[in-house]
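As a plain string of letters, each chain reads:
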Amino acid sequence: MRKKILLPMIMVSVFTFFASNIAAQPPKGVKFKHADRNKDAVVDEKEMHMEKKWEQKQRAKPNTWWEKRADTNNDGKVDTNELSAWKKLEKERIDLNNDGVIDAKERRLCWRHARSRVNTPLEKKYDANADGWLEPTEVKEMLKDKYELIKTHGKAKVDTELEQNYDTNKDGIIDAKEADTLKEDTQ
């Protein structure tokens, strides 16, 4: 009789032990896991307020490649005029195959139709009119020079955001194989 009672009690104790340990840890992939500043597995009101402020700040500045290009007045936000101009440009010139999606090749080639903001000393070197923007002809010259460097040395370091589009394996180096695409795009 004791064995019949003891076995279920042990099983309940083990189950309770494991269930309490699992409940104490937040599940993986929880949206606000990073908001739990004091690591008590509970996001309190203060932590949630801080998280909301952080999210608003992230939404207020351009984060994606297209937002950075669309923000032509450099105020850190894409306003309605900039957004409508970008959508028009996107439809007319960037989405080359008119499928409604900008794929990797179209993203890579968008420098042909829109100015690019100068972000690095290398880009500044090619900004002929020193207005802080690279015109398509200036970008083409920069990429042609990069191709010549790769042809001579076999590879070259990625120095600009524009060049990152050609680094398909994301190793920070444009090799001879990746340079073929660069050559094709600058013809």
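This text goes with the structure placed above it.
Fair warning: this is a prediction, and the values are worked out from it, not measured in the lab.

### Structural notes on the nonpolar core
Core analysis: the largest hydrophobic core is formed by 15 residues, its most contacted members being Leu 134, Met 142, Leu 143, Ile 174 and Leu 182. Going through the elements one at a time, helix H7 (136–153) and helix H9 (176–185) are the ones with two or more residues in this core.

### Digging into H9
Residues of H9 that are buried include every one of Glu 178, Ala 179, Leu 182 and Asp 185, and no others. The buried residues of H9 occupy an angular sector of 110° when the element is viewed end-on, so they sit on one face. Packing partners of the buried residues in H9 comprise helix H5 (104–109), H7 and strand S4 (173–175).

### Some remarks on unusual backbone geometry
Although it is not a glycine, Ala 130 sits at a positive phi angle of roughly 55°. Within the secondary structure layout, Ala 130 lies in the loop between helix H6 (121–126) and strand S2 (133–134). Within the chain, Lys 170 stands out as a residue other than glycine whose phi angle is a positive 55°. Using a relative accessible area of 62% as the deciding quantity, one classes Lys 170 as exposed.

Parameters at a glance
For every chain, the first residue of the written sequence is number 1, and numbering continues from 1 onward in sequence order. Owing to the predicted nature of the model, reporting of local features is limited to residues with pLDDT of at least 70; listing and counting of side-chain atom pairs is limited to 80 or more, with chain, interface and lining totals taken over all residues. To get the side-chain values, all heavy atoms of the structure are used, and hydrogens and water are removed first. To qualify as a nonpolar core, a set must consist of buried Ala, Val, Leu, Ile, Met, Phe, Trp, Tyr and Cys residues joined through side-chain atoms within 4.5 Å. Throughout this description, buried means an accessible area under 20% of the type-specific maximum (1.4 Å probe, protein chains only), exposed means over 50%, and partly exposed covers the range between. Secondary structure elements are defined from DSSP: runs of H or I of at least 4 residues count as helices, runs of E of at least 2 residues count as strands, and each element is numbered from the N terminus. The arc in question is the one traced by the directions running from the helix axis out to the C-beta atoms. What makes two residues a contact is simply this: any of their non-hydrogen atoms within 4.5 Å.

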